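Listed here are the chains, written in short residue letters.
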Amino acid sequence: MSFFKMSGVVVPHMKNTCEMQAERMPAPKSVVIPMNMHIGAPAKPVVQEGDIVGVGQLIGEAGGFVSSPVYASVSGKVTKVDKITGTNGASADAVFIESDGQMRPFEGIKAPTVTNFEEFVAAVRDSGIVGLGGAGFPTAVKLGVKDLSLVREVLINGAECEPYITSDTRTMLDRADDIKEGIELLEKYLGAGTIIFGIEKNKPEAIAKMKEITSGDSAVSVKELPSIYPQGGEKVLIYNLTGKVVPEGKLPLDVGCIVINVTTLASIAKYIRTGMPLVEKCLTVDGSAVASPKNLIVPIGTSLRDVYEFAGGFKAEPKKVLLGGPMMGIAVKSLDQPVMKNTNATLALAEKEAERPEENPCIHCGRCVNSCPLGLNPVAFAKALSLNDCEALEELKINLCMECGCCAFNCPAKRDLIARHKLAKSELRSYQQQRAEQEKKEA
Amino acid sequence: MEENLKVSVSPHIFSKRTTRNLMLDVVIALLPAAIASVVIFGAGSLLVIATCVISCILFEALFNLIIKRKQTIGDFSAIITGLLLALNLPVNIPLWQAVIGSFVAIIIVKNLFGGLGYNFANPAITGRIFMLIAFTGSMTEAVFPAAVDTVAGATPLGALASGEEVGVSLLDMFLGLRGGALGETCALALIIGGIYLICRKVITWHTPVTFILTVFVFSLIYSGDFETALIYVLSGGLLIGAIFMATDYVTTPTTALGQVVFGLGCGLITCLIRFYGSYPEGVSFSILFMNILTPYIEKITMKKPFGGVKK
Ligand code: SF4
Ligand code: SF4
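Computed from a prediction, not measured in an experiment: that's the story for all the values here.

**Comments concerning the overall build of chain A**
Counting its regular elements, chain A contains 14 helices and 17 strands. Computed over C-alpha atoms, the radius of gyration of chain A comes to 22 Å, within 12% of the 22 Å expected from 2.2 N^0.38 for 443 residues, which places it in the range of a compact globule. Put simply, chain A has 443 residues, and 56% of those count as buried. Counted over contacts in chain A with a minimum sequence separation of 6, partners at least 24 positions apart contribute 72%. Here chain A has roughly 18,100 Å² of accessible surface; of this, 52% comes from carbon and sulfur atoms. In chain A, the 50 positive side-chain charges and the 53 negative ones have mean positions that sit 2 Å from each other.

Written out as structure tokens, the structure reads:
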């Protein structure tokens, strides 16, 4: 179906934990729940110091249309509502809760009534679910399409292309029933005619399981994706599953597609069945500094410090700790960093892996150019950036870059390409803003 | 507890390929040709190779010392330049001339432009062209392999150009038993090196294959004879140029399409010079000329951004 084979890179899989069923972590002593665990407006705290909360109780209401509510993940007492600095350096409100160790569910929990599409979307909005594959985009916004007839294909993203991470794999193996329910919901309320699972072929068990649960349903198909990173990138996935190209500045829906991550789907089904919103997350705990890699289900807001302690501690001093996988994950400054809604893994790397290799001059080998799945040209980006030529950056479409890391992974000179892409993108944005203002003035 | 965590931008893993191990692979790929040159032309060839390699390394080290730059000889690129230059020289080149050629390649063509990655022309080729112009006599004197017992005459290309009998069998040509520069004669050794580079994914087939095919096709049209066309392919510096010099990353295009254009251009210019120029050989000139065109080829062969919309 696809006209050309998309580039990408072969990354080491390191799926050490794919056989390990997720263990549930008991309530930590305390949690810190940020209000900005999604793309869009941060949630607004609705609790105060001293309030007693139960698991699943609303603690932050959605701060706008593109936003998502936040719920208490442990039962206990709110100790403070304060600003914390997020991974991107911006500060945001967070609710600090001291756990009573009971994990007592909030008494107001009840399954939502869902009988039509509007109620379905409202339920998804209330569930606090956001893109759990990593993006963190509020799912209700994605599903809340104005005209249902536009939806031709719903793509279920089970690619999980990042090395190490197996939490989506575990969802597919351990929560197949939730996924099955989720599929039924999509068919019923979204009227999705075609549903396609995209799973990287290094996960044969997950593929088999998904085939098994959907075998009676002719509208659903399960497709194997090549083991070439990044299959999970939204545009890459859409192209590889349907052959459609999402044009610049457009959404998947503009080509008739909606993409939902498998864990997101399972979580929606669970919420609609039980009324328990998103309060816990399955994550892969791995990396060369970790004593025993495993998958854990932890309350959102648990600090990485507690996560690693429960997982069995370190076998070497961690020198770099990531939220997410090694290709796109963010290196955190401190183990106090809480687990967020879109955290699907945390990796602790020992000295050797933590050290970024030294940068050498670009030798113009073209490996970056030839590995970019989106056909972008990092060599030309770098040149335009060094000349501060924003017009060239615009023409080169640096705005399309998804920071997947293929180019930098493959660079023999180990150039810090993603840092440069980020810089170039922000230069371009301020240039475009200035230009727009200029044009406004002239008009 | 305060931990000292490193923070860096993603990705946090990297491929095993480094500049250094790429360059090392090129050195390895050049070894068969270097060994063949010793077998064919005798121990004198070792002397030329050693002179070029050592002077290239020394010039690079010296330059770094003078401008107080971090030492770069560890990246092996100076060794490649030295090896390639040596393999492009005749065995009886006066060694002082080889030293001057190395100076031009390393100091002028490479380092004065900023070092590895910044030069626009291939150092070894430009060094060779400089020598060809400065020391025309010693560079063009036909030197015959010690292994073959021939009366002095022209190189096969020279013979073809002046319409004489080539006098060397195709098999001898393939094995390298003919007059010419050290490393350019043994097609077998060069092809082994080329296959190694392709298998190790250091280079792709695009440039060498299009370059060689273009020369073959034009030679066939020009001479109308299959065997003569093959002789054109096996003679001069075509194979070493197509496999090792037209594939230099720094000075050639990055995409497959760009490389095909580059190879076509090289082949075409080589043939024009060979058939109509005043020099019997045109490989070096063609590569140098295409090096200069590389930025333009890059521009017109750039990939289309996926889903990009023209504004
Ligand atoms: S991969 Fe690295 S060295 Fe090669 S062209 Fe790209 S930036 Fe330059
Ligand atoms: S990070 Fe950007 S430029 Fe690099 S490979 Fe990914 S999309 Fe292409």
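**Details of the interface of chain B and chain A**
Each partner contributes to the interface: chain B provides 42 residues, whereas chain A provides 65 residues. In total, chain B and chain A occlude about 4,400 Å² of area from one another, counting both sides; carbon and sulfur atoms represent 59% of this. We note a salt bridge from A:Glu358 to B:Lys70, for which the minimum N-O separation is 2.8 Å. Taken together, the connections running from chain B to chain A amount to 21 residue pairs in polar contact (both at pLDDT 80 or more). In terms of residue count, the dominant contributor to the side of chain B that touches chain A is helix α1 (residues 19-41) of chain B (three residues).

**Quick look at the site of ligand 1**
Around ligand 1, the structure places A:Cys362, A:Ile363, A:His364, A:Cys365, A:Gly366, A:Arg367, A:Cys368, A:Val379, A:Cys411, A:Pro412 and A:Ala413. A per-class count over the shell around ligand 1 returns eight nonpolar, two polar and one charged.

**Points about the sheet that holds strand β16 (residues 330-331) of chain A**
All names here are of chain A. Read from one edge of the open sheet, six strands run β1-β14-β13-β17-β15-β16, paired in mixed fashion. The open sheet terminates on both sides in strands that have one partner only, identified here as β1 (23-24) and β16. Here six bridges tie strand β13 (residues 280-286) to strand β14 (residues 294-299), and the two strands are oriented antiparallel to one another. From the neighbouring strand, Val285 faces β14, where its bridge partner is Lys294.

**Examining the packing of α1(B) against helix α9 (residues 187-199) of chain B**
Residue and element names in this part refer to chain B. Relative to each other, α1 and α9 sit at 170 degrees, their axes nearing to 8 Å. Accordingly, the angle class assigned to the pair α1 and α9 is roughly antiparallel. Relative to α9, the crossing made by α1 is right-handed. On the side of α1, the interface is formed by Asp25, Val26, Ile28, Ala29, Pro32, Ala33 and Ala36, while α9 contributes Ala189, Leu190, Ile192, Gly193, Tyr196 and Leu197. In terms of residue class, the contact of α1 with α9 is made up of eleven nonpolar, one polar and one charged.

**Describing unusual backbone geometry**
For residues other than glycine, phi is negative in most cases, and the peptide bonds are mostly trans. Each neighbour pair has its own omega, and for A:Tyr229 with A:Pro230 the value is 0 degrees, a cis peptide bond. Residue placement: A:Pro230 occurs in the loop between β11 (220-225) and α6 (234-242). Here the bond from B:Ser10 into B:Pro11 is cis, since omega is -5 degrees, no more than 30 degrees from zero. Of note, B:Pro11 is situated in the segment before α1.

**A closer look at the state of the cysteines**
All names here are of chain A. Under the counting rule described, the total for this entry stands at zero disulfides over all chains. You can see Cys161 has no disulfide; the closest cysteine sulfur is in Cys406, sitting 8.6 Å from it. Here Cys257 stays free of any disulfide, with the sulfur of Cys161 as its closest cysteine sulfur at 18 Å. With a relative accessible area of 1%, Cys257 lands in the buried category.

**Remarks on the domain arrangement of chain A**
All names here are of chain A. Taken domain by domain, chain A holds domain 1 (1-26 + 113-355) and domain 2 (367-442). Using only C-alpha atoms to locate each centre, domain 1 and domain 2 end up separated by 28 Å. Across the domain 1/domain 2 interface, buried area totals approximately 1,100 Å², and carbon plus sulfur atoms make up 68% of it. Considering only the surface of domain 1 that becomes buried against domain 2, Ser7, Val9 and Glu248 emerge as the three largest contributors, covering 40% of it. Seen at the junction of domain 1 and domain 2, the total is one salt bridge. Between Lys397 and Glu248 there is a salt bridge; the shortest N-O distance is 3.1 Å. There are five residue pairs in polar contact (both at pLDDT 80 or more) connecting domain 1 and domain 2.

**Points about the pairing of strand β10 (residues 194-200) of chain A**
All names here are of chain A. With respect to burial, β10 is a largely interior element, six of its seven residues being buried. Inspection of the sheet shows strand β9 (residues 153-158) paired to β10 by six bridges, in the parallel sense. Within β10, the residue paired with Val154 across the bridge is Ile195. Bridge count between β10 and β11: six bridges; the pairing is parallel. Bridging from a neighbouring strand, Gly198 pairs with Lys223 of β11. A crossover connection joins β10 to the parallel β11 through helix α5 (residues 204-213); in handedness this β-α-β unit is right-handed.

What counts, and at which threshold
Residues numbered from 1 in each chain as written. Chains lettered and ligands numbered in written order. Predicted model: local features only at pLDDT ≥ 70, side-chain atom pairs only at ≥ 80, totals over all residues. Heavy atoms only, no water. Helix = DSSP H or I, 4+ residues; strand = E, 2+ residues; numbered from the N terminus. Rg over C-alpha atoms; globule rule 2.2 N^0.38 Å. Buried < 20%, exposed > 50% of the residue type's maximum accessible area, 1.4 Å probe, protein only. Contact = heavy atoms within 4.5 Å. Areas by Shrake-Rupley, 256 points an atom, 1.4 Å probe, with all protein chains shown as cover. Lys, Arg positive; Asp, Glu negative; His and termini not counted. Charge placed at Lys NZ, Arg CZ, Asp CG, Glu CD. Buried area = accessible area lost by both parts, 1.4 Å probe. Salt bridge = Lys/Arg side-chain N within 4 Å of Asp/Glu carboxyl O. Polar contact = N/O pair within 3.5 Å; in protein donor to acceptor, adjacent residues only side chain to side chain. Near = heavy atom within 4 Å. Nonpolar A, V, L, I, M, F, W, Y, C, P; charged D, E, K, R; others polar. Pairing = 2+ DSSP bridges. Axes fitted to C-alpha atoms, helices over the stretch in contact; angles between N-to-C directions. Parallel < 35°, antiparallel > 145°, perpendicular 65-115°, else oblique. Left-handed = near helix turned anticlockwise from the far one by under 90°. Disulfide = S-S within 2.5 Å. Domains from an automatic or database assignment. Right-handed = clockwise from strand over helix to strand, strands pointing away.

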